[in-house]
Amino acid sequence: MINFPDLDDPTLSTAGHQALNQVVPFPDLSTAGRQLALQLQSHRGGDNVIVLAVVLGGVPVAQGVANYLNAPLDLIIIRRLMAPQGPGSQLCALSVGGSTIIEGGLVPATIPSTPVEHFINDAIAELKAREQQCRRRRPSIDLAGKTVIVVDCGMRSGSTMLASIRAVRTLKPARIIAAAPVTSFGGQAAVIGEVDELVCLARPRPFGHVGLWYKNFTRPGDDRVGEFVHSDAT
């Protein structure tokens, strides 16, 4: 596993290495979700709270959150498309609770004629097929006026969470909360200004890779994700 330096700590100071040793990895994703849920208890039992899991690693984490909050759980599925201006300009297509959001004004062509149009059409088709497998053909959910908690297993650069947040915002929720058990300082800085609330449990430095902060980083495959999703609180 590649240990990337934290984005805001390129020198990897001695203090940073001490911080690395002070943060204990979570046993697994489900345990991290149950711990994260305790920091969101002010939203427990709310009628207008919906939890969205970023597929795949965010699903077991979000299940623990949704169960504790007694809130519906659904999915965010991301298909990265292109980076028109290089690194940091990535455009994505997302399935957010069954609604398809495409960034950058990209629209599938009715009759594709260029390589880019064929690529985009194929990518959207792949996203829809994956959505059907993961969500098991459930109807789309309405996020308008709701408090939406977007949950992932961790944030390194924050790009995945940012794409999720921006897609959710197009569906007119009342509030957006980003939640992850572990984040880098760079990931936190990238996301905090885009949400109403950011909840995380650990900010180790240096950060490395999200998987370093779990003793067992096993994630469910697409064929099992539907087992986690529930449209009504349990």
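A brief report on the enclosed structure follows.

Given a rise of 1.5 Å per residue, 12 residues ought to cover 16 Å, and the 16 Å separating the end C-alpha atoms of helix α3 (residues 58-69) matches this to within 8%. Among the residues of α3, those classed as buried are Gly58, Val59, Pro60, Val61, Ala62, Gly64, Val65, Ala66 and Leu69. Where α3 is buried, its residues contact α2 (29-38), β1 (49-54), β2 (73-82), β5 (147-151), β6 (175-182) and α7 (222-225).

A word on the side chain of aspartate 74. Assignment of secondary structure puts aspartate 74 in strand β2. If sequence neighbours within four positions are ignored, aspartate 74 has contacts with Val51, Leu52, Ala53, Gly97, Arg135, Ile141 and Val229.

Now for the sheet that holds strand β4 (residues 99-102). Ordered in space as β4-β3-β2-β1-β5-β6-β7, the seven strands form an open sheet in which the pairing is mixed. In this open sheet, the two edge strands, each paired with only one partner strand, are β4 and β7 (197-202). Ignoring strand direction, the axes of neighbouring strands in this sheet form an average angle of 20°. The sheet contact formed by β1 and β2 spans four bridges and is parallel. Of the residues in β2, the one forming a bridge with valine 51 is leucine 73.

Before going further, it helps to spend a moment on the nonpolar core. Counting residues in hydrophobic clusters, the biggest one holds 45 residues, and the most contacted among them are Leu40, Val51, Leu75, Ile149 and Tyr214. In terms of residue count, the dominant contributor to this core is α3 (six residues). Ranked by size, the runner-up nonpolar core spans 25 residues in total, among them Ala163, Ile165, Ile176 and Val191.

Moving on, we come to unusual backbone geometry. Cis geometry marks the peptide bond from valine 55 to leucine 56; its omega dihedral reads 10°. For the peptide bond that leads from arginine 205 to proline 206, omega is 0°, which places it in the cis range. Tracing the sequence through the fold places proline 206 in the loop between β7 and α7. Phi is positive for arginine 136, which is not a glycine, with a value near 55°. Structurally, the position occupied by arginine 136 is in the loop between α4 (115-135) and β5. According to the relative accessible area criterion, arginine 136 is partly exposed, its value standing at 40%.

Time to look at the side chain of serine 184. Mapped onto the secondary structure, serine 184 falls in the loop between β6 and α6 (185-191). Engagement of the side chain of serine 184 in a polar contact is seen with the backbone oxygen of arginine 156, the distance being 2.5 Å.

Our focus in this paragraph is the pairing of strand β3 (residues 91-96). Among the six residues in β3, six count as buried, and that is most of the element. Here β3 shows two buried faces, one formed by Leu91, Ala93 and Ser95 and the other by Cys92, Leu94 and Val96. Relative to β3, β2 is paired through six bridges, and the arrangement is antiparallel. In the strand pairing of β3, isoleucine 76 is matched with valine 96. Bridge analysis of β3 against β4 gives four bridges, and the strand direction is antiparallel. Of the residues in β4, the one forming a bridge with valine 96 is serine 99. Linking β3 back to β4 in an antiparallel pair, the connection comprises two residues, with glycine 97 at a positive phi of about 60°.

By the definition in use, this model includes three aromatic pairs. With a centroid separation of 5.6 Å and an interplanar angle of 35°, the aromatic rings of phenylalanine 26 and tyrosine 214 are classed as tilted. Of the two residues, phenylalanine 26 is situated in the loop between α1 (14-22) and α2 and tyrosine 214 in the loop between β7 and α7; the sequence distance between them amounts to 188 residues. Tyrosine 214 carries the same exposure label as phenylalanine 26, and that label is buried. Centre to centre, the rings of phenylalanine 207 and tryptophan 213 are 6.4 Å apart; their planes meet at 40°, and the pair counts as tilted. Three or more aromatic residues link up through ring pairs in this structure, and these residues are Phe26, Tyr214 and Phe217. Over the aromatic face of tyrosine 68 sits the side chain of arginine 44, whose NZ or CZ is 4.1 Å from the ring centroid. Sitting above the plane of the phenylalanine 185 ring, arginine 205 keeps its charged end 4.3 Å from the centroid.

What counts, and where the lines are drawn
Residues numbered from 1 in each chain as written. Predicted model: local features only at pLDDT ≥ 70, side-chain atom pairs only at ≥ 80, totals over all residues. Heavy atoms only, no water. Helix = DSSP H or I, 4+ residues; strand = E, 2+ residues; numbered from the N terminus. Expected span 1.5 Å × (residues − 1). Buried < 20%, exposed > 50% of the residue type's maximum accessible area, 1.4 Å probe, protein only. Contact = heavy atoms within 4.5 Å. Pairing = 2+ DSSP bridges. Axes fitted to C-alpha atoms, helices over the stretch in contact; angles between N-to-C directions. Core = buried A, V, L, I, M, F, W, Y, C linked by side-chain atoms within 4.5 Å. Polar contact = N/O pair within 3.5 Å; in protein donor to acceptor, adjacent residues only side chain to side chain. Phe/Tyr/Trp six-rings, centres within 6.5 Å; stacked < 30°, edge-to-face > 60°. Lys NZ or Arg CZ within 6 Å of the ring centre and 35° of its normal.

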